[in-house]
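Residue strings, one per chain:
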Amino acid sequence: MTASVVVTGLGVVAPNGLGADDYWAATRVGKSGIGRLSRFDPSQYPSRLAGEIHGFRAEEFLPNRLMPQTDRMTRLALVAADWALEDAGVRPQELPAFDMGVVTSSASGGFEFGQRELERLWSQGSEYVSAYQSFAWFYAVNSGQISIRHGMKGPSGVVVSDQAGGLDSVAQARRQVRKGTPLVVSGAVDASLCPWGWVAQQTSGRLSTGDDPARAYLPFDARAAGHVPGEGGALVILEREDLARARGAKVYGRIAGYGATFDPKPGSGRPPALGKAIELALADAGVDAADVDVVFADGAAVPDLDRAEADALNEVFGARRVPVTVPKTMTGALYSGAGALDLATVFLAMEEGLVPPTVNVEPADEYGLDLVVGQPRTTEVRTALVLARGQGGFNSALVARSAD
Amino acid sequence: MAHKEFTLDDLRRILIEAAGADEAVNLDGDILDTDFESLNYESLALLETGGRIEREYGISLDETTLSITHTPRSLIETVNGALAALV
């Protein structure tokens with residue numbers, strides 16, 4: 001029999017709240033963290049709005065030795081991991097090193113650090129490039145730094161699949177727990193709101209160019225014109241359920257099912273594969289569509305992609321048969337952080353029995369969705385489906401269930 | 001022309017710029033004969049420190065100079081030797 005894997009700790013770093021408590025206090029009432037980009041002057045760029053994390057001072061949380069060698073995304077990830085472990089009541093230094101692993105995902109790597117070192121390379125010469133550039137930009141660096149900080153030597157790695165990665169990393173972590181590692185830190189934090197990262201994001205052609213935060217990111221709305229990029233994400237602690245219970249841990253819920261597919265080549269005429277990912281995840285969880293209480297949608301806010309997601313949902317659930325929400329309308333799209341933050345949000349929603357709203361959106365009838373807009377919706381959440389899609393054809397679906 | 005002298009204070013400043021300082025270590029204390037590993041610097045921290053010394057003082061350091069088993073005293077002596085050779 002396959003072991004049940006549960007989440008016992010949440011660490012959240014989001015544009016509308018630092019820490020799970022602040023994040024949930026904002027999210028449950030629809031408070032957005034989207035505004036004009038302030039890290040650099042965005043006036044010369046096509047997109048000028050972002051979901052930025054304000055007021056994060058890494059030096060308050062992290063040892064001085066880590067500062068010269070870490071990008072902003074790694075500092076955020078290290079703090080989120082600290083908070084998740086603390087929330088889970090886990091003291092890693094007291095556990096066997098090989099009983100703990102770290103599997104995160106990353107869509108960009110450490111762009112801000114990388115930009116600074118590239119500037120030094122071209123303006124001053126190669127001898128001015130930091131030795132830490134050898135890893136500080138790298139996709140796997142968040143996993144590595146968390147592993148080193150907490151002495152976690154079990155199976156570890158990084159999953160790179162754009163915005164689908166946040167869910168894919170949790171699925172990979174669940175595999176490692178089932179294969180025998182009692183505890184795995186998982187999830188994702190991305191943060192590339194620097195000029196280099198910003199230019200790279202523009203190339204997707206999927207970014208909103210609006211200047212009004214209340215009208216810039218509108219999935220499933222007739223006015224949809226792309227997403228707003230954000231920074232942040234969440235790290236979670238995964239444990240084998242019997243071991244978590246044995247140590248008396250608080251259990252948020254189970255990672256019950258997962259499915260991932262890849263879209264067919266554009267122009268092939270074959271349909272997109274998101275619906276299949278949903279079916280795989282439900283089957284893996286052993287639940288029927290009717291058991292699902294809420295869907296946290298990917299919400300690309302690009303008409304074709306919204307259409308594909310709505311079609312997939314309606315095919316599985318029937319039109320307007322399940323509440324759908326996109327809390328990332330409050331944070332912007334966090335790339336690999338998105339699926340991980342949605343998963344953390346699911347557990348916070350379960351705890352309160354409240355589905356957070358999709359903000360600013362007037363749902364277009366044509367999509368046939370019961371989108372939770374305006375106000376949060378009070379309802380028991382026992383089974384939730386989280387969707388995340390990555391550019392290039394990645395589709396991931398994850399089912400989380402309450403554990404009581 | 002007298003050459004620049006590389007002192008323990010110079011090394012402290014560059015170590016902190018390059019790699020920070022462990023909160024549990026008193027860099028201001030008597031560290032001349034404490035090896036870098038005990039000061040909680042790893043090989044990459046020393047590589048970065050060495051690179052900054054080379055840039056600032058216009059010298060070239062042998063890779064073996066930057067070992068974690070070495071002490072600030074031996075590194076300072078090597079740097080001053082290289083500076084003297086520049087004159």
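Just so it is clear, the structure is predicted and the values come from calculations on it, not from any experiment.

Criteria and thresholds
- Residues numbered from 1 in each chain as written.
- Chains lettered and ligands numbered in written order.
- Predicted model: local features only at pLDDT ≥ 70, side-chain atom pairs only at ≥ 80, totals over all residues.
- Heavy atoms only, no water.
- UniProt positions renumbered as here; feature names shortened; annotations may be inferred.
- Helix = DSSP H or I, 4+ residues; strand = E, 2+ residues; numbered from the N terminus.
- Phe/Tyr/Trp six-rings, centres within 6.5 Å; stacked < 30°, edge-to-face > 60°.
- Buried < 20%, exposed > 50% of the residue type's maximum accessible area, 1.4 Å probe, protein only.
- Lys NZ or Arg CZ within 6 Å of the ring centre and 35° of its normal.
- Contact = heavy atoms within 4.5 Å.
- Buried area = accessible area lost by both parts, 1.4 Å probe.
- Salt bridge = Lys/Arg side-chain N within 4 Å of Asp/Glu carboxyl O.
- Polar contact = N/O pair within 3.5 Å; in protein donor to acceptor, adjacent residues only side chain to side chain.
- Nonpolar A, V, L, I, M, F, W, Y, C, P; charged D, E, K, R; others polar.

Under the UniProt annotation, "domain: Carrier" (unreviewed entry) lies at residues 5-83 of chain B. A distance of 8 Å separates the end C-alpha atoms of residues 5-83 of chain B, which is 49% helix and 0% strand.

In the UniProt entry, the feature "domain: Ketosynthase family 3 (KS3)" (unreviewed entry) is given for residues 2-402 of chain A. Secondary structure within residues 2-402 of chain A divides into 31% helix and 20% strand; the distance between the first and last C-alpha atoms comes to 18 Å.

The subject of this paragraph is the packing of aromatic side chains. Residues and elements named next belong to chain A. All chains considered together, the criterion is met by 13 aromatic pairs over all chains. Summarising the aromatic geometry, the rings of Phe138 and Tyr139 are spaced 6.4 Å apart at their centres and angled 55° between planes, so their arrangement reads as tilted. Phe138 sits in the partly exposed class, given a relative accessible area of 37%. For Tyr139, a relative accessible area of 28% gives the class partly exposed. An aromatic cluster of at least three residues, connected via ring pairs, comprises Phe40, Tyr45 and Trp198. Looking at Arg116, its charged tip hangs above the ring of Phe113, at a distance of 4.6 Å from the centre.

Another aspect to go through is the interface of chain A and chain B. The figure often quoted for interface size is the accessible area lost as the parts come together. The partner chain B presents 15 residues to the 13 residues of chain A that form the contact. Carbon and sulfur atoms supply 49% of the area buried between chain A and chain B, which totals about 1,100 Å² over both sides. Inspection of the region where chain A meets chain B yields 1 salt bridge. The residue B:Glu42 makes a salt bridge to A:Arg65 at a minimum N-O spacing of 2.4 Å. The tally of links from chain A across to chain B stands at 8 residue pairs in polar contact (both at pLDDT 80 or more). For the side of chain A that touches chain B, the class distribution of residues is 8 nonpolar, 3 polar and 2 charged.

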